[in-house]
Amino acid sequence: MVVAPAGTGKTVLLADWATRQPTPVRWITATSDADILDQLFQPTPPRLDQAIGPTREPAGRPTAAALDQPAGESADVVTVGTTSRTAAEAAVVAAAVAAAERAVEAAVEPELVVIDDAHLLPRSSFERLSALLTDGARDVRLMIASRYDLPLPIVELELRSQGSTLRARDLQFTHDEAAALVRAHAAGATEADIELLQQKAAGWAAALVLGAHAIATSRDGPILTERPVLDLLLGDSFDTLDPRTKTVLLCTFGEPDVTSRLATVLSGDKDAGALLADLAAGGLLVTAYGDEPDPATTYRYHPLLVELLRRLVAMNSDNADRVVQAHRRAAVYFEHHGDPPQALKHALAAAEPEPVARILLAHGPAILMGGDVDLVTAAFDALPDDYVETHPRLLGVRGLLRRLTGDLTGAVMDAGRAGAALTADAPCPEESALEADVLLLRLWQSRFGWYDIADAIHATRALRERASHPNHDRAVIGLERLAWLLLELAEAEILVGDSDEALGHLDDVLVTARMARHPQLVAAGLADRAVLELTRAQIRSAERSAHSALDAAHEHGLPDEYVVRAQLVLGLAAFNQLDLDEARRWHDLAAGLDSNGIDPNGIDVTGADTADADLVVAALRETLRTVTVIEDGQLDDARLELASDPPSSGPMPSFMVRDLALLRLWVAGLVGDRGSVAEQISVLESSGSTADAALAKAVDSIVAGDVHRTLGAVDESLTQPGGHPALVASVKAFRTLLLLRIDDRAAAEKALADLVNDIAPQQLLHPLAAAGPDPAFMDLMTRYAGTPDAHPFASFALDKLTRYHARCRIPAGYVPAIPNSGPNSGPSTPDPNSGPSTPDTPSARSLDAVVNGATIRFTARETQVLDELALGSSYAEIAQTLYITENTVKTHLMSLYRKLGVDRRSAALRTARTIGLL
């Protein structure tokens, strides 16, 4: 059997096959007017050329001349239309069957018999034909062509290897075959014409030929959506479908992929999946992808079928209403089954404002954080022009949308209007949702000093308390909205230095987001937690959190802000583990992330939720950039990188002040700048990092040359709690080296064992480099790693340290050189203090200026950017000169313009010269 819709080339295929057979072939065209088995005899059954001769040729049937063509030559008759039927044809059918029966009775193999258009046989024929096949299958040889499966024992014959079936999928033309067919009818067809035609035809033979004719007669390329073409190719096929199947197709044709569940939801027919599966058995109008009846199986409709259904909807109001009702059902279904994006898509398809607005208010933030920004944009665009103004509770969602799309001015305006729309009445679900959106926007604004951060934190914590009350229904706000709110709260708490509260809220974010099954919010929470874990020197934990965030981002998508946080954390983790190439790779990946935001002054800057617009991200980026520059031996560039703090709308968090001070302390020690060392120790003391200050001060006392005195100071400083774990480990490595200098090897061995035990859990390898490539220290490490009682991590650490020192371009560690002491001491490290105590530096530049009668203080980095701006440098050139990213340049310019009260480069330079800043 060959089972396929009209126009797929069944007749041409069988006719070509017939001409290749060594024995005569009987060609029978079925008729619906008579039962072919009722007419048993005809004296001389017609041959193939008689059955389909030119004088009685049905429309679309191959002529004898066409069948006589050599293989490979094209025939003009390819499309298949509606076949006319006559009593003579019925006699032909009867004669062929009679001949077959006589052959069976005589045990003589009959001539081959083709029954074309067998779907037109009367139902009474199938029982007798089935009996013939079953009783004489060894002697009867039939080729049956039909537009759909027939009630014949084909499966039984297939199981006995006495039958087989070709379907539409077997007849579909590949691209190369389609190209050959099209060019046979339109020699001038281009590759683009063929590609477009194949996209529409999807391997349908008749469609390819019709399209080729259109190409040959028109300069506009193939046209396959005209009404006559659709009627010819699909009319018969679609009209023969039962009403339920037609309804399913009309309700679902707008979906690119249809599952059984979606078909059931849209059509309201519980058997929709089974109906599609039946259609897919033909393999052309509908194609199944997957193993039926697996619920995961998806169905796709032929492009021309989609065109036909679209036309039927456009031309018939009843069909249009049926489609609208389908989308209404789907919107309600998906909203109640936890799929807001699908719910909003179907609400949009129904083209009714109220369902769109309801879903936006209830689930807009969840959809936005899921990455479907374009979908929410389309939803707001679909609302009437004044709809948001008359429904102010949507202002919060629109503000969040504008924030994520870089429309900062619009976001700030919507935040203010949404706050004004809040009422003091008893909260209803819509009012609580609006309040949460307002707080989301206020927390975001507080990052940049546009809203008081303490007020935003206090109000959010109050809402959080209400949401956690036993009598409060979390569904009022929604789990996704609550998770996003807690995420923003944690980020604000990080900025004010309340890391313990932030960590607790991030734990709540992860729990709430997982309950909501929102992978993007889970990933964002993991990225923020990785940052906090890094600040606590929990390197391995931070690394795991960052990798988990990026894995989720790769699979589901994630805003750049959180991607870059995870990347920077991984870069700093790699640095701490002495994987410097990996650290540089992560730095480059993070530097490559950018977005197009618009500042309220019209400046093209990073969006509010990306890279350097965020203080924490800016500090992480500066830290990673600096440590990689230091490891390359570019100490002057490192000092330039650390010349100013990252732009901040308020005081920097204490942990950030500490980390930058320790970084500057390291660089100052490397270049021998004792004054800067003392300055950074003072910064540590004033910022509350007294334990870190004591550790640094003890190490710095070595310059007095008394190793025993320094060792005593180090031991005392190590007793103080609260030191940064990485600094503590560095000082312990330094202490081990001091013990070797005084030839107390037993104490040194114990100190090294304790140090390895301390750094192993988090793999804090870089602190070991504080001892420098000292032969005595490396010898001690080698001997310890080889002992039976050594920590398993010791061998790994020794290998890493050896590889590191082989490539290191700087004296490792920020500590000064240690003088020799004791008979077995190794050679001393060159004293970096033998030269000038401070490098030559230009005189300090005034950073204060009077602008419009007010004294304004500029940062050193802002003045450097201003200098480069005066030279006519581009953003990229400024970034390259100052060893910062283009995003950082734009952020500094935004701050400069605001302080100078201008909105463009020329005005900034003119004002800067007027006030003496240039």
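Quick note: structure is the one above.
Computed from a predicted model, the values in this text were never measured in an experiment.

Colleague: Quick question: what am I supposed to make of helix H24 (residues 453-467) here?
Modeller: Every α-helix winds through 3.6 residues per turn, so residues three or four apart in the chain are directed the same way. In a regular helix each residue adds 1.5 Å, so 15 residues correspond to 21 Å; H24 covers 21 Å between its end C-alpha atoms and thus fits that length. Turning to H24, its buried residues number three or more, namely Ala456, Ile457, Thr460, Leu463, Arg464 and Ala467. Looking down the long axis of H24, one finds its buried residues gathered within 130° of arc, a one-sided arrangement. Looking at H24, the residues exposed on the side facing more than 90 degrees away from the buried face are His458 and Glu465. Its side-chain oxygen at 3.1 Å from the backbone nitrogen of Ala454, Asp452 defines the N-terminal cap of H24.

Colleague: Looking at this structure, how should I read the pattern of salt bridges?
Modeller: On inspection of all chains with the given rule, the structure shows 48 salt bridges. Among the ionic pairs, Arg160 bridges to Glu156, the shortest N-O distance being 2.9 Å. Residue Arg160 is classed as partly exposed on the basis of its relative accessible area of 37%. The partner of Asp715 in a salt bridge is Arg735, and the shortest N-O contact between them spans 2.4 Å. With Asp715 in helix H36 (residues 707-718) and Arg735 in helix H37 (residues 725-741), this pair connects stretches of sequence that are 20 residues apart. Several salt bridges share partner residues, and in doing so they unite Arg403, Arg447, Glu488, Glu491, Asp528, Glu561 and Arg565 into one network.

Colleague: What exactly am I supposed to notice about the pairing of strand S4 (residues 142-146) here?
Modeller: As a general feature of sheets, a regular strand has side chains that alternate between the two faces. The pairing of strand S1 (residues 2-3) with S4 spans two bridges and is parallel. Residue pairing in the sheet places Val2 in a bridge with Ala145 of S4. Judged from the three bridges that link them, strand S3 (residues 112-116) and S4 form a sheet pairing that is parallel. The residue bridging Val114 from the neighbouring strand is Met143, located in S4.

Colleague: In this structure, what is going on with the sheet that holds strand S7 (residues 286-289)? I would like to understand it.
Modeller: By way of backbone hydrogen bonds, the strands of a sheet pair with one another, either parallel or antiparallel. Taken in spatial order, the three strands make up an open sheet running S6-S8-S7, and their pairing is antiparallel. For this open sheet the edge positions go to strand S6 (258-259) and S7, each flanked by a neighbour on one side alone. Here S7 runs beside strand S8 (residues 298-301); their pairing, made up of four bridges, is antiparallel. Each bridged residue has a counterpart across the sheet, and for Tyr289 the counterpart in S8 is Thr298.

Colleague: How should the environment of Thr863 be read in this particular structure?
Modeller: Turning to its location among the elements, Thr863 is positioned in helix H41 (residues 860-870). As for Thr863 and His892, which are separated by 29 residues in sequence, their C-alpha atoms are 9.3 Å apart.

Colleague: Is there a simple way to explain the sheet that holds strand S2 (residues 25-29) in this structure?
Modeller: As summarised here, the arrangement of the five strands in space is S2-S3-S4-S1-S5, forming an open sheet in which the pairing is parallel. Two strands lie at the open edges of the sheet, namely S2 and strand S5 (166-167), each paired on one side alone. Packed onto the sheet, helix H1 (residues 10-19) meets S1, S2, S3, S4 and S5 and runs at close to 165° relative to S4.

Quick notes on the rules
For every chain, the first residue of the written sequence is number 1, and numbering continues from 1 along that sequence. Selection of residues for local features in this predicted model requires a pLDDT of at least 70, selection of side-chain atom pairs for listing and counting requires 80 or more, and totals for whole chains, interfaces and linings are taken over all residues. For the side-chain quantities, the full set of heavy atoms in the structure was used; hydrogens and water were omitted. Every helix listed is a DSSP run of H or I at least four residues long, and every strand listed is a run of E at least two residues long, numbered separately from the N terminus. Expected helix span is given by 1.5 Å per residue-to-residue step, counting one fewer step than there are residues. Under the scheme applied here, a residue whose accessible area is under 20% of the maximum for its type counts as buried, over 50% as exposed, and between as partly exposed, the area being computed with a 1.4 Å probe on protein chains only. The arc under discussion is defined with respect to the helix axis, by the directions toward the C-beta atoms. N or O atoms within 3.5 Å of each other form a polar contact, as long as, within protein, one can give a hydrogen and the other can take it, and as long as residues adjacent in sequence are counted only when both atoms are side-chain atoms. The salt bridge definition used is simple: a Lys or Arg side-chain nitrogen within 4 Å of an Asp or Glu carboxyl oxygen. A pair of strands is labelled paired if DSSP reports no fewer than 2 bridges between them. What makes two residues a contact is simply this: any of their non-hydrogen atoms within 4.5 Å. Here an axis means a line fitted to C-alpha atoms, over the contact stretch when the element is a helix, while the angle between two N-to-C directions is reported on a 0 to 180 degree scale.

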